[in-house]
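Working through the structure, step by step
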Amino acid sequence: MAADKGYTTLLADLKAESLRNLYIFYGEERYLKNTYLEKVREALIEPSFEEFNYHRIAGKGLTVEALTEVVEAMPMMAQNTLVVVEDWDIFKLDERSRTALMTMLEDFPEYCTLILLCDTLEYKRDKKMKKLCAALDEHLVEVAFLQQERGALVNWLRRRFKALGHDIDGAAADHLLFTCGTLMGDLVPEVEKIGAFAKGEMITIEDINAVAEPILDAKIFDITNAVTAGEFDKAANVLSELLRMQTEPVAILATLGKELRRLYTARLALEQGKDRFWLKELWKMSSDYPAKLLLQAARRVDRRWCSAALRRAQTLDRRMKSEKGINAESELKLFLMELAGGR
């Protein structure tokens, strides 16, 4: 995971068994958010009295007065209470409510831990609300749960597969991350499927391809990779599958456009003597595995093809978003034929 001061603080608090009163949990890595929320609950709440001392509240429609009443409720036969508020946008509170919230934070009960959990809500400070931001800085620990880095993910995957009686090496793990994405919550069911399917101790790329559900980025790469290899039927089949799954044509084109941009930069990298590590850094990839695949595809096309494909994608994107009555699916299929013809 990218370094985060709040995350490091939370780990230290758990290790020291001395949790603070106020946290904000946010970030795209939902699996980690839920994991550490559970660790906090286990550290603070006795299961026998959980009904009385653990409160989970929806943020929609919540008032500061109602929250204050909950956090000030004394613990029942225990030392601590835990209050989790889900998706409460404190920056949309009116001025009176913001003042009440800051007052609550200033005089917060020592026995209560409050976690503002941003699950579907994106946590983004409104810097114009300087007083509220200053109160957050003074009283709360903001914990960002970001996507894990490659090394941590590979180790985590090995532990998950070991629990299922398997192992996975770095190459297969990179392929799994490329195919299914790097969010741990999305990877958990895929690991379960692959572990149940695999016959040997070591998980293979063939095992992954047999049962894993690729993310859109991986499917779009399959399309561009097939086109650059001259395998038009394969590319058309992947596109047809996406359309049968009712994937929005605009989303398909947006991802295809991004992949063509990456392919173009890979072609430039080859011409300038750059390697896969340069490409990995340019596109902020979790590993050099997708960069290696891009360079392999880029060797099969020239800069002129990449440039023309990218311009055509941009033109089609504008048309899809502006023209009424356009048959987006047919236009996508035509675009694919043009890419293959240009190839």
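What comes next concerns the included structure. (Residues numbered from 1 in each chain as written. Predicted model: local features only at pLDDT ≥ 70, side-chain atom pairs only at ≥ 80, totals over all residues. Heavy atoms only, no water.)

1. Some thoughts on a negative patch on the surface
Rule in force here: Exposure above 30% relative accessible area and the absence of a salt bridge qualify a residue for a patch, where like charges join within 9 Å and nonpolar side chains (Val, Leu, Ile, Met, Phe, Trp, Tyr) within 5 Å. In this description, accessible areas are obtained by the Shrake-Rupley approach with a 1.4 Å probe, and a residue is regarded as covered only by the protein chains that are shown. By definition here, a salt bridge exists when the distance from a side-chain nitrogen of Lys or Arg to a carboxyl oxygen of Asp or Glu is within 4 Å. Positive charges come from Lys and Arg alone, negative charges from Asp and Glu alone, with His and the N- and C-terminal ends not counted. Charge positions are represented by NZ for Lys, CZ for Arg, CG for Asp and CD for Glu. Only runs of H or I of at least four residues qualify as helices and only runs of E of at least two qualify as strands under DSSP, and these elements are numbered from the N terminus.
Where like charges cluster on the molecular surface, the negative patch consists of Glu69, Glu72, Glu106, Asp107 and Glu138. Looking at the element boundaries, Glu106 is found in helix α5 (residues 95–106).

2. What to know about the pairing of strand β4 (residues 112–117)
Selection rule: Each residue's exposure class comes from its accessible area (1.4 Å probe, protein chains only) as a fraction of the maximum for that residue type: buried when under 20%, exposed when over 50%, partly exposed otherwise. We treat two strands as partners when DSSP finds at least two bridges between them.
Burial of β4 is extensive: six of the six residues sit out of reach of the surface. Where burial is concerned, the two faces of β4 agree: the one with Cys112, Leu114 and Leu116 and the one with Thr113, Ile115 and Leu117 are both buried. In this structure, strand β1 (residues 22–26) lies alongside β4, joined through four bridges in parallel fashion. Within β4, the residue paired with Tyr23 across the bridge is Ile115.

3. So, the pattern of salt bridges
Counted according to the given criterion, the structure contains 24 salt bridges. The shortest N-O distance in the salt bridge between Asp13 and Arg20 comes to 2.9 Å. Take Asp13: its relative accessible area is 7%, and that puts it in the buried class. Here Arg20 falls in the partly exposed class, since its relative accessible area comes to 42%. Note that Arg319 and Glu323 form a salt bridge whose closest N and O atoms lie 2.9 Å from each other. What makes Arg319 partly exposed here is its relative accessible area of 24%. Overlapping salt bridges bring together Glu38, Arg41 and Glu50 as one network.

4. Notes on the layout of surface pockets
Empty space among the atoms becomes visible once a probe the size of a water molecule is rolled across them. Here is the rule we go by: Grid spacing is 1 Å over the protein atoms alone, the probe is 1.4 Å, and a cavity is where that probe fits but cannot get out, while a pocket is an open set with protein on both sides within 12 Å along at least five of seven lines and lining residues have an atom within 4 Å of a point. Grid points are joined across faces, edges and corners, and a volume is the space filled by probe spheres set on the points. Three classes are used: nonpolar for Ala, Val, Leu, Ile, Met, Phe, Trp, Tyr, Cys and Pro, charged for Asp, Glu, Lys and Arg, and polar for all others, with Gly counted as polar.
Each pocket or cavity is described by its volume, and for the largest pocket that value is around 560 Å³. Lining of the largest pocket is provided by 25 residues; of these, Thr182, Lys284, Met285, Ser286 and Pro290 occupy positions nearest its centre. Elements with a contribution of two residues or more to the lining of the largest pocket: α8 (170–180), α11 (216–228) and α13 (249–271). Grouping the constituent residues of the lining of the largest pocket by class yields 10 nonpolar, six polar and nine charged. Empty space within the second largest pocket amounts to approximately 350 Å³. Elements with a contribution of two residues or more to the lining of the second largest pocket: α8, α11 and α15 (289–298). Counting residues per element, the lining of the second largest pocket draws most heavily on α11, which supplies four residues.

Worth remembering: the numbers are spatial, not functional.
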